[in-house]
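# Coordinates in review
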Amino acid sequence: VGMADGATAVGAEELRKGLASQDFASCDRLEVRMTNIVVQVRGSAAWLFADCAYDVTADGRPLQFPARLTAVFEKRQGRWLLAQGHCSVPKSTDF
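Residues numbered from 1 in each chain as written. Predicted model: local features only at pLDDT ≥ 70, side-chain atom pairs only at ≥ 80, totals over all residues. Heavy atoms only, no water.

## A short note on the pattern of salt bridges
For clarity, the threshold we go by: The working definition used for a salt bridge is a side-chain nitrogen of Lys or Arg within 4 Å of a carboxyl oxygen of Asp or Glu. Summary of the burial criterion: residues with accessible area below 20% of their type's maximum are buried, those above 50% are exposed, and those between are partly exposed, where the area comes from a 1.4 Å probe applied to protein chains only.
All told, the structure shown has 4 salt bridges when counted by the stated rule. A salt bridge links Glu31 to Arg29, with the shortest nitrogen-to-oxygen separation between them at 3.7 Å. The class of Arg29 is partly exposed, set by a relative accessible area of 37%. By relative accessible area, Glu31 is classed as partly exposed at 34%.

Printed below as a string of structure tokens:
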């Protein structure tokens, strides 16, 4: 879920709790724009890549930064479910 020690999650409920309490707890506003979206599908599996632009207000402070998103989906009972996702910020990003 996050970069803090022990900030991993297994399952949807742990992910929701982790994102709400750690990564996004101080966010007043969060907007993510995705570009260069690439999706590939093979049977019941799909994967995605996208460039992202985050526009955040946290603790009253505005912050903009780029990121890259990858995700894997699995189709179960007619629904596409997120199986794995990863978002990273380029090393050159200055916070």
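## A closer look at the environment of Gln77
Worth spelling out the cut-off: Only runs of H or I of at least four residues qualify as helices and only runs of E of at least two qualify as strands under DSSP, and these elements are numbered from the N terminus.
With respect to the secondary-structure elements, Gln77 resides in the loop between β3 (61-76) and β4 (79-88). Among the residues examined, Gln77 registers a relative accessible area of 83% and is labelled exposed. The sequence separation of Gln77 and Ser44 amounts to 33 residues, and the corresponding C-alpha distance is 10.0 Å.

## Remarks on the sheet that holds β3
Sheet strands pair via backbone hydrogen bonds, and the direction of the pair is either parallel or antiparallel. We apply this condition: Any two strands with at least two DSSP bridges between them are considered paired. Axis definition: a line fitted to C-alpha atoms, limited for helices to the stretch in contact. Angles are taken between N-to-C directions and run from 0 to 180 degrees.
The strand order across the open sheet formed by 4 strands is β1-β2-β3-β4, and the pairing between neighbours is antiparallel. Looking along the sheet, the strands with just one partner apiece sit at the ends: β1 (27-42) and β4. Strand-to-strand, the axes of this sheet are offset by a mean angle of 25°, without reference to chain direction. Sheet topology places β1 next to strand β2 (residues 45-58); 13 bridges connect them, and they run antiparallel. Looking across to β2, one finds that Val41 is bridged to Ala46.

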